[in-house]
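One letter stands for each residue in the lines below.
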Amino acid sequence: MVFLKSFRKRFVLFLLIFIMVIYACYLFTLLSLPGQITILEGQEHLFNFRNPFFVNIRSDRDNVLSINDRDIKMDGSILRLYNPVSFKTNNSRGRVNLSMKLFGILPLKTIRVDILTNRKIAACGNTVGVKLKTDGVLVIGMSDVLTEGNRKVLPARESSIRPGDTILQINKIEVNGISDLIKEIENSQGKAVTLKYRRDGKIEETQIVPVKSVDDDKYHVGLWVRDSTAGIGTLTFYDPSNGYFGALGHGITDIDTGMLMPIKSGELIGSEILAVKKSERGLPGELKGVFAEEKKLGTISINSEYGIYGKLNEDVENIINSTLYPIAVRSDVEVGSAYILSNVEGNTVEKYKVEIERVSRNNMNGLKGMVVKVIDERLLNATGGIVQGMSGSPIIQNGKIIGAVTHVLVNDPTRGYGIFIESMLKNIDKNIQESKKNAIAG
């Protein structure tokens with residue numbers, strides 16, 4: 001009897017230890033695997049997953065990807081993902097999703113593998129003027145209207161529209177600018193107007209009854225709106241194989257609402273830097289310049305959280321810096337020396353030394369994928385570090401373009417964040433694919 005009790009205790013203890021070991025293995029494997037990786041078509045990429053266990057891997061597409069020289073198929077393959085792990089494509093592009101299970105039983109995660117076209121692109125660094133026209137008009141605020149008897153009325157309060165919404169139509173008439181909205185409100189003569197607007201990608205509809213203001217004897221609805229914006233940023237790259245460019249490395253947001261501005265069209269033009277307001281701790285500086293209206297560089301079609309994108313005009317190669325560099329994906333980026341290309345005086349692009357202090361391997365959001373520190377005394381003396389207008393300055397390491405400067409750290413302007421070039425190129429490839437689909441549909 002004593003022996004049985006002792007055996008049971010040992011068995012239970014052994015079982016608990018076994019379960020804890022399996023759970024620890026599961027957590028270790030889960031944490032070692034990234035949620036997303038990017039590779040170049042036709043190239044081998046090595047990854048260190050720190051995972052010694054056997055994993056069952058299923059692909060959502062056949063004959064696209066091989067891992068450790070074994071083709072990964074839809075019916076699954078069992079592999080030991082131990083260092084180094086080799087990923088290679090069969091000259092395919094696009095996206096592959098790999099579903100993984102530990103020991104073929106415990107669900108782990110799905111790794112998204114993005115496959116980019118392997119090509120050389122031009123790293124630029126030129127400051128450019130950016131002009132955007134919104135898709136509709138953006139609501140940036142509300143205010144009371146002073147009516148007869150000194151009564152303050154806010155007509156928009158009774159509607160569902162809010163700051164950050166984009167007005168697309170008024171009384172079924174397309175709104176291309178502020179003047180379209182004002183004209184129709186005036187024509188209403190105090191009768192309710194119907195507004196169609198977009199919020200978070202959804203189209204909504206509401207009504208507002210305009211009131212007459214004693215200030216100008218005109219009808220108003222109490223909305224502050226914006227239909228355009230302009231500023232200076234840095235051109236990161238362009239792809240000579242298709243003429244597409246990427247700039248800024250982050251989206252253009254409205255200064256009042258903080259919302260990403262929905263654009264209908266945009267223009268990229270030349271610029272010249274006249275002065276620099278140096279960055280100080282707690283106070284970011286900025287590049288001050290003028291637009292060169294006669295230098296039309298291209299058109300802007302995308303404003304995304306990863307930058308602005310569009311197509312350059314055919315005759316601008318002699319205006320912008322156009323040295324070609326191979327592409328580095330996230331797994332190629334190292335902590336250590338690098339340099340940026342930036343234009344902080346006139347229209348001259350210079351190389352400035354920086355250090356890559358930290359690289360985020362597993363974070364799927366590549367917007368702040370690197371921490372960059374300026375160490376070049378020339379740039380520190382000229383700007384104090386990173387200033388507004390330098391966003392988009394390309395980062396070069398080991399002869400490859402690895403990304404672009406995006407943000408300055410306010411408390412230490414010698415440091416800032418960088419975006420991986422792979423995140424920017426995905427927007428270009430997406431834009432090309434959508435253009436082809438639209439052309440076929442047309």
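Residues numbered from 1 in each chain as written. Predicted model: local features only at pLDDT ≥ 70, side-chain atom pairs only at ≥ 80, totals over all residues. Heavy atoms only, no water.

Draft legend 1. Broad picture of the overall build of the chain. Secondary structure assignment for the chain yields four helices and 31 strands. Considering only C-alpha atoms, the chain reaches an extent of 100 × 60 × 50 Å along its principal axes. The long-range share in the chain, meaning contacts at least 24 apart out of those at least 6 apart in sequence, stands at 68%. Element-wise, carbon and sulfur atoms account for 51% of the exposed surface of the chain, whose accessible area totals about 22300 Å². Distance from the positive charge centre (56 side chains) to the negative charge centre (49 side chains) of the chain: 10 Å. (Helix = DSSP H or I, 4+ residues; strand = E, 2+ residues; numbered from the N terminus. Contact = heavy atoms within 4.5 Å. Areas by Shrake-Rupley, 256 points an atom, 1.4 Å probe, with all protein chains shown as cover. Lys, Arg positive; Asp, Glu negative; His and termini not counted. Charge placed at Lys NZ, Arg CZ, Asp CG, Glu CD.)

Draft legend 2. Seen up close, the pairing of strand S9 (residues 106–116). Bridge count between strand S1 (residues 36–40) and S9: five bridges; the pairing is parallel. What sits directly across from Leu40, in S9, is Leu116. Inspection of the sheet shows strand S8 (residues 94–102) paired to S9 by eight bridges, in the antiparallel sense. If you follow Leu102 over to S9, its bridge partner there is Leu106. (Pairing = 2+ DSSP bridges.)

Draft legend 3. The arrangement of the pairing of strand S29 (residues 394–397) in detail. Across the two faces of S29 the burial is the same, with Pro394 and Ile396 and Ile395 and Gln397 all buried. As judged from the two bridges shared by strand S26 (residues 336–345) and S29, these two strands associate in the antiparallel manner. Within S29, the position partnered with Ile340 by the bridge is Ile395. The pairing of S29 with strand S30 (residues 400–409) spans four bridges and is classified as antiparallel. The residue bridging Gln397 from the neighbouring strand is Lys400, located in S30. (Buried < 20%, exposed > 50% of the residue type's maximum accessible area, 1.4 Å probe, protein only.)

Draft legend 4. How the structure looks around the nonpolar core. Ile57, Ile67, Leu81, Phe87, Leu98, Met100 and Val113 are the most contacted members of the largest nonpolar core, which totals 25 residues. Sorting the residues of this core by element identifies S1, strand S3 (54–59), strand S4 (65–67), strand S7 (85–89), S8 and S9 as the ones contributing at least two each. Apart from the residues lying within four places of it in its own chain, the contact partners of Met100 are Leu33, Val55, Asn56, Ile57, Leu81, Leu106, Pro107, Leu108, Lys109 and Ile111. Counting residues in hydrophobic clusters, the runner-up holds 24 residues, among them Val344, Val374, Ile386 and Val408. (Core = buried A, V, L, I, M, F, W, Y, C linked by side-chain atoms within 4.5 Å.)

Draft legend 5. Region of interest: the pattern of salt bridges. By the definition in use, this model includes 20 salt bridges. Arg378 is paired through a salt bridge with Glu350; the nearest N and O atoms lie 3.8 Å apart. Here Arg378, found in helix H3 (residues 377–383), pairs with Glu350, found in strand S27 (residues 348–359); they are 28 residues apart in sequence, far enough to count as distant. Note on Glu350: relative accessible area 34%, which makes it partly exposed. Salt bridges linked by common partners bring Arg95, Arg112, Asp114, Arg330, Glu422 and Lys426 together as one network. (Salt bridge = Lys/Arg side-chain N within 4 Å of Asp/Glu carboxyl O.)

Draft legend 6. The arrangement of the sheet that holds S29 in detail. An order of S26-S27-S28-S31-S30-S29 is seen for the six strands of this closed barrel, with the pairing classed as antiparallel. Averaged over neighbouring strand pairs, the angle between their axes works out to 45° when direction is ignored. (Axes fitted to C-alpha atoms, helices over the stretch in contact; angles between N-to-C directions.)

Draft legend 7. Inspection of the packing of aromatic side chains at higher detail. Inspection of every chain in the model, using the stated rule, returns one aromatic pair. Between Phe47 and Phe87, the aromatic rings sit 5.3 Å apart at their centres with planes inclined by 80°, giving edge-to-face as the arrangement. Of this pair, Phe47 sits in strand S2 (residues 44–47) while Phe87 sits in strand S7, and the two are 40 residues apart along the sequence. Pair check on accessibility: Phe47 and Phe87 agree, each one buried. (Phe/Tyr/Trp six-rings, centres within 6.5 Å; stacked < 30°, edge-to-face > 60°.)

Draft legend 8. Quick look at the side chain of Asp227. Within the secondary structure, Asp227 is located in strand S20 (residues 223–239). Among the polar contacts made by the side chain of Asp227, one reaches the side chain of Lys133 at a distance of 3.4 Å. Of the polar contacts made by the side chain of Asp227, one reaches the backbone nitrogen of Ile178; its length is 3.1 Å. Here Asp227 is in contact with Leu132, Lys133, Thr134, Gly136, Val137, Gly177 and Ile178, once residues within four sequence places are set aside. (Polar contact = N/O pair within 3.5 Å; in protein donor to acceptor, adjacent residues only side chain to side chain.)

Draft legend 9. Expanded view of the environment of Tyr244. Within the element layout of this structure, Tyr244 appears in strand S21 (residues 244–247). The exposure class assigned to Tyr244 is buried, which follows from its relative accessible area of 11%. Spatially, the C-alpha atoms of Tyr244 and Lys191 are 47 Å apart, while their sequence positions differ by 53 residues.

Draft legend 10. Just the sheet that holds S8, in detail. A sheet is described by the order of its strands in space; here five strands give the open sequence S1-S9-S8-S3-S6, paired in mixed fashion. Among the strands making up the open sheet, the edge pair consists of S1 and strand S6 (77–80). Averaged over all adjacent pairs, the angle separating strand axes in this sheet is 35°, with direction ignored.

Draft legend 11. Structural detail: a nonpolar patch on the surface. Taken together, the side chains of Phe11, Val12, Phe14, Leu15, Leu16, Phe18 and Ile19 define a hydrophobic patch exposed on the protein surface, amounting to about 700 Å² of accessible area. In this fold, Ile19 is placed in helix H1 (residues 2–32). (Patch = residues over 30% accessible without salt bridge, like charges linked within 9 Å, V, L, I, M, F, W, Y side chains within 5 Å.)

Draft legend 12. Here's a closer look at helix H2 (residues 178–188). Within H2 the residues assigned to the buried category are Leu181, Glu184, Ile185 and Ser188. Viewed along the axis of H2, the buried residues span an arc of 100°, placing them on a single side of the element. Along H2, exposed side chains directed more than 90 degrees from the buried face belong to Ser179, Lys183 and Asn187. Buried residues along H2 sit in contact with strand S11 (127–142), strand S14 (166–170), strand S15 (173–174), strand S16 (193–199), strand S19 (219–220) and S20. One or two positions beyond H2, positive phi appears at Gln189, with a value near 55°. (Arc of directions from axis to C-beta.)

Draft legend 13. Fine view of unusual backbone geometry. A positive phi is found at Asn68, a non-glycine position, where the angle reads about 50°. For Asn68, the position within the fold is in the loop between S4 and strand S5 (70–71). Phi is positive for Asp69, which is not a glycine, with a value near 65°. Note that Asp69 resides in the loop between S4 and S5.

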